[in-house]
Amino acid sequence: FIMVYRGMPIFVIIRLIRRLKLKKIFRSKFGFVALFFLCMWIFNALLFYYSEHVVAGREDIDLMTSLYWSIITMATIGYGDITPIRGLGWFVAGFAAIMGILAYTLTVSVIADAFLSASIRRAMGMAPLKKKEIIIIGDDDSCRELVDELVINGLGDKTGWLTPTQPRSEPPIDYLIGDPSIIDDLKKAGIDKARHVLLCLRDDSKTLHTALMVKRLNKRAKISAIVTSSQAEELLQEIGIKHTLSKKIMGRALASSVFEPTILLFLTDVISARGNGDLVEIIVDDKLMDKTIGEVEEILNRDKHYKYRVLAVYRDNRLELIPQPQYIVKKGDKVIALRARTSQEY
């Protein structure tokens, strides 16, 4: 219908269309719908321009006006500011309305299908984990304890779980079912961008292998692991994994229930945020720097909901237990304190 528009020959437009990678567009539902909508919009505009400007001889109808009329008619809004004359124009208007309903319906169905598919994939543990700072890897029973503890501490949205098997119950965080020994699955879990990686696998050999894979993909990630043997703990420390927890510690804690049962009750309470007390780590900032332990406790105890007692200070790779009230903390020190609810009696 139009050979030249504003100095652009039709063969230039055809050349531009040929450069589009139509095969890739047709493989994508969104690309196909977008291309179909665009083609219907332009096609209806050209039909309207032909019927009104060329056939009917209306000078008030140009190509831009036709494009405007086409999109309004396809949306079935029909403001009435631009209307066709009888005959061919009515046929074009009816065709544009029908194509508009088809295009919008197809667009909505594709978008709804995409959201539904994403929800199902996420619920079944098939969707990649995105923008997660903490990644849990493993299928040991302790993994679920890790998940629950992180959620209680308000880190659920930042935590993802890569598990080889389907969880027994729906976890409160996003998870992915995959093999931690496969690089592609680790990448889907977002290991390359994670800040913390927690390993809770059933087999120590798999823990060692996974730790090496994680370090290969992300050298900046802080890795922590649960192991069953002291040998695996030593090997992990040799490759730079500083934070390890051996199950032998659990055995020592359980043994204390025979001769010091109250200590076991205390440990069970303070290592979880679900108890009345909680062990917390406080990094000394400008507000607390150059203050004594007594002054630090005074500042912390201004909180109406909790009471604090400083138990240790970590400085220069050394732990100072039960520091004196006159002990002065420096910026960057890590203060370990026992935090208890104010309703608790002392």
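Please read all numbers here as calculations on a predicted model, not as lab measurements.

(A) Representation of the overall build of the protein chain within the structure. Along the protein chain, the regular secondary structure elements total 12 helices and 12 strands. Residue pairs in contact within the protein chain that sit at least 24 positions apart in sequence constitute 61% of those at least 6 positions apart. For the protein chain, the computed accessible surface area is about 21,900 Å², with 60% contributed by carbon and sulfur atoms.

(B) Focus on the confidence of the model for the protein chain. Averaged over every residue, the pLDDT of the protein chain is 84; the share at 70 or more is 88%. The model gives residues 1-8 a pLDDT under 50, and that stretch makes 15 contacts with residues more than four places away or in other chains.

(C) The arrangement of the pattern of salt bridges in detail. Under the defined criterion, the tally for this structure stands at 11 salt bridges. The closest approach of N and O atoms between Arg195 and Glu133, which form a salt bridge, is 3.7 Å. Taken together, the positions of Arg195 in the loop between α7 (183-188) and β6 (196-199) and Glu133 in the loop between α5 (88-123) and β3 (134-137) put the pair 62 residues apart, joining distant regions of the chain. Between Arg144 and Asp148 there is a salt bridge; the shortest N-O distance is 3.5 Å. Here Arg144 pairs with Asp148, and both are found in helix α6 (residues 141-152), just 4 residues apart, close to one helical turn. When its relative accessible area of 23% is taken as the criterion, Arg144 is described as partly exposed.

(D) Representation of the state of the cysteines. Tallied over the full model, the rule gives 1 disulfide. Disulfide pairing is shown between Cys143 and Cys200; the S-S distance is 1.9 Å. Across the disulfide from Cys143 to Cys200, rotation about the S-S bond amounts to roughly 115 degrees, and the bridge is consequently right-handed. Separated by 57 residues along the polypeptide, Cys143 in helix α6 and Cys200 in the loop between β6 and α8 (204-217) bring together distant segments of the chain.

(E) Here's a closer look at the layout of surface pockets. Roughly 2,700 Å³ of internal volume is contained in the largest pocket. Contributing to the lining of the largest pocket are 49 residues, with Ser224, His243, Leu245, Ile271 and Glu281 lying nearest its centre. Elements that contribute at least two residues to the lining of the largest pocket include exactly α6, β6, β7 (222-227), β8 (243-246), α10 (247-259), α11 (261-270), β9 (277-283) and β12 (334-341). A breakdown of the residues in the lining of the largest pocket according to their chemical character gives 26 nonpolar, 10 polar and 13 charged.

(F) Expanded view of the packing of α8 against helix α9 (residues 230-238). Where α8 contacts α9, the two axes come as close as 10 Å, and the packing angle between them is 5 degrees. The angle between the axes of α8 and α9 places the two elements in the roughly parallel class. Residues Asp204, Thr207, Leu208 and Ala211 of α8 form the contact with α9, whose own contacting residues are Ala232, Leu235 and Leu236. Grouping the constituent residues of the contact of α8 with α9 by class yields 5 nonpolar, 1 polar and 1 charged.

(G) Summary view of unusual backbone geometry. Although it is not a glycine, Lys131 adopts a positive phi angle of roughly 55 degrees. For Lys131, the position within the fold is in the loop between α5 and β3. We classify Lys131 as exposed; its relative accessible area is 84%. For Asp316, which is not glycine, the phi torsion reads 55 degrees and is therefore positive. A residue is classified by how much of its surface remains accessible, and Asp316, at 68% relative accessible area, is exposed.

(H) Structural context of the sheet that holds β7. Judged by pairing direction, the sheet is parallel, and its 6 strands sit side by side in the order β5-β4-β3-β6-β7-β8 without closing on themselves. Among the strands making up the open sheet, the edge pair consists of β5 (174-177) and β8. Adjacent strand axes in the sheet meet at a mean angle of 15 degrees when their direction is disregarded. Bridging between β6 and β7 involves 4 bridges; their strand directions are parallel. Within β7, the position partnered with Leu198 by the bridge is Ser224. Packed on one face of the sheet, α6 meets β3, β4 (159-163), β6 and β7 and runs near 160 degrees to β3. Set on the sheet, α8 makes contact with β3, β6 and β7; between it and β7 the angle comes to about 175 degrees.

(I) Up close: the side chain of Thr244. Structurally, the position occupied by Thr244 is in strand β8. Within the structure, Thr244 has its side chain in polar contact with the side chain of Glu233 (distance 3.3 Å). Not counting residues within four places of it along the chain, the set of residues in contact with Thr244 comprises Ala225, Glu233, Leu236 and Gln237.

Cut-offs used in this document
- Every chain's residues receive numbers from 1 upward, in the order its sequence appears when written.
- Residue-level local features of this predicted model are given only where pLDDT is at least 70; pairs of side-chain atoms are given and counted only at 80 or more, and the full residue set underlies all totals for whole chains, interfaces and linings.
- Side-chain metrics in this entry use all non-hydrogen atoms of the structure; hydrogen atoms and water are not considered.
- Secondary structure follows DSSP: runs of H or I at least 4 residues long count as helices, runs of E at least 2 residues long count as strands, and numbering of each begins at the N terminus.
- Contact criterion: two residues are considered in contact whenever any of their non-hydrogen atoms come within 4.5 Å of each other.
- Per-residue accessibility takes into account occlusion by the displayed protein chains alone, with areas from the Shrake-Rupley method and a 1.4 Å probe.
- Think of pLDDT as the predictor's per-residue confidence, scored from 0 to 100.
- The working definition used for a salt bridge is a side-chain nitrogen of Lys or Arg within 4 Å of a carboxyl oxygen of Asp or Glu.
- A simple rule labels every residue: compare its accessible area, found with a 1.4 Å probe on the protein chains alone, to the largest value its type can have, and call it buried under 20%, exposed over 50%, or partly exposed in between.
- Any pair of cysteine sulfurs within 2.5 Å is marked as a disulfide.
- Buried and open spaces are told apart on a 1 Å grid over the protein atoms alone, a cavity being a set of points where a 1.4 Å probe fits but cannot get out and a pocket being an open set with protein on both sides within 12 Å along at least five of seven lines. Residues with an atom within 4 Å of a point are the lining residues.
- Grid points are joined across faces, edges and corners, and a volume is the space filled by probe spheres set on the points.
- The residue classification treats Ala, Val, Leu, Ile, Met, Phe, Trp, Tyr, Cys and Pro as nonpolar and Asp, Glu, Lys and Arg as charged. All others, Gly included, are polar.
- To define axes, lines are fitted to C-alpha atoms, for helices over the stretch in contact only, and angles between the resulting N-to-C directions are given on a 0 to 180 degree scale.
- What sets the label is the angle itself: under 35 degrees gives roughly parallel, over 145 gives roughly antiparallel, 65 to 115 gives roughly perpendicular, and the rest give oblique.
- Two strands are said to pair when DSSP picks up at least two bridges between them.
- Polar contact criterion, stated in full: a pair of N or O atoms within 3.5 Å, where within protein one must be able to donate a hydrogen and the other to accept it, and residues adjacent in sequence count only if both atoms are side-chain atoms.

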